[in-house]
Amino acid sequence: MQMTDIPFSVTDWQDVAATEHTGTTGMATWRTRHFGAVRVRVVEYSPGYAADHWCEKGHILLVLDGELVTELADGRVFTLSPGTSYQVADDAEPHRSLTENGARLFIVD
């Protein structure tokens, strides 16, 4: 990831417009900013959320609140709690997310 031409700025995430994305079950609410080619999001998963696809996009993801379960296409499963993160490259390992009780995430991709 190359970050260039991004002047210093402050983001109050509550002021960023929310968009809703349905999962197989539940809802994901995204608050998204773009800084050049870098997308930065605060994402909230509702209780019972399950992604409707395998994602092949690379991310750096930090769990802020709640608990996130991430499944990899090879069968591995990881449970992340607040303060834990995962990192994965583009086109490296397909993954999908689910949460029983909801989660709030900070994601850079």
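Here, every reference points to the structure presented above.
Residues numbered from 1 in each chain as written. Predicted model: local features only at pLDDT ≥ 70, side-chain atom pairs only at ≥ 80, totals over all residues. Heavy atoms only, no water.

**Digging into the pairing of strand S6 (residues 77-80)**
Counted only if it meets this: Between any two strands, pairing holds if DSSP finds at least two bridges. Helix and strand definitions here come from DSSP, where helices need a minimum of 4 consecutive H or I residues and strands a minimum of 2 consecutive E residues; each element is numbered from the N-terminal end.
By the bridge criterion, four bridges tie strand S5 (residues 68-72) to S6 in an arrangement that is antiparallel. By the bridge assignment for S6, Val 69 is matched with Thr 79. Adjacent in sequence and paired antiparallel, S5 and S6 are bridged by four residues, among which Gly 75 carries a positive phi angle near 105 degrees.

**Looking at the nonpolar core**
We apply this condition: Buried residues of nine kinds, namely Ala, Val, Leu, Ile, Met, Phe, Trp, Tyr and Cys, make up a nonpolar core once their side-chain atoms join them within 4.5 Å. For each residue, the accessible area found with a 1.4 Å probe, counting protein chains only, is set against the maximum for its type, and the residue is called buried under 20%, exposed over 50%, and partly exposed in between. By definition in these notes, contact holds between two residues if any of their heavy atoms fall within 4.5 Å.
Core analysis: the largest hydrophobic core is formed by 14 residues, its most contacted members being Tyr 45, Leu 61, Val 63, Leu 68, Tyr 86 and Leu 105. Only strand S3 (38-45), strand S4 (59-66), strand S7 (85-88) and strand S9 (103-108) provide two or more residues apiece to this core. Considering every element that reaches this core, the biggest residue donor is S9, with three residues. In contact with Leu 61, other than residues within four places in its own chain, are Leu 68, Thr 84, Ser 85, Tyr 86, Leu 105, Phe 106 and Ile 107.

**Focus: the pattern of salt bridges**
Under the convention used in this document: Every case where a carboxyl oxygen of Asp or Glu lies within 4 Å of a side-chain nitrogen of Lys or Arg is listed as a salt bridge.
Tallying each qualifying case throughout the model produces seven salt bridges. When the shortest N-O distance is used, the salt bridge between Arg 104 and Asp 65 registers 2.6 Å. Here Arg 104, found in strand S9, pairs with Asp 65, found in strand S4; they are 39 residues apart in sequence, far enough to count as distant. Judged by its relative accessible area of 31%, Arg 104 falls in the partly exposed class. Note that Arg 96 and Glu 71 form a salt bridge whose closest N and O atoms lie 2.7 Å from each other. Of this pair, Arg 96 sits in strand S8 (residues 95-98) while Glu 71 is found in strand S5, placing the two residues 25 residues apart along the sequence. With a relative accessible area of 21%, Glu 71 lands in the partly exposed category. Connected through salt bridges with shared partners, the residues Arg 39, Arg 41 and Asp 109 form a single ionic network.

**Some points on the sheet that holds S8**
To be explicit about the condition: Every axis corresponds to a line fitted to the C-alpha atoms, with the helix fit spanning only the stretch in contact, and the corresponding angles, defined between N-to-C directions, vary from 0 to 180 degrees.
Strand order in the open sheet formed by three strands is S6-S5-S8, and the pairing between neighbours is antiparallel. With one partner strand each, in any of the chains shown, S6 and S8 form the two edges of the open sheet. Strand after strand, the sheet turns through a mean of 25 degrees between neighbouring axes, direction not considered. Relative to S8, S5 is paired through four bridges, and the arrangement is antiparallel. In the strand pairing of S8, Thr 70 is matched with Ser 97.

**What about the environment of Gly 75?**
Position of Gly 75 among the secondary structure elements: in the loop between S5 and S6. For the pair Gly 75 and Ile 107, spaced 32 residues apart in sequence, the C-alpha to C-alpha distance is 23 Å.

As far as function goes, none of this settles anything; it's purely spatial.
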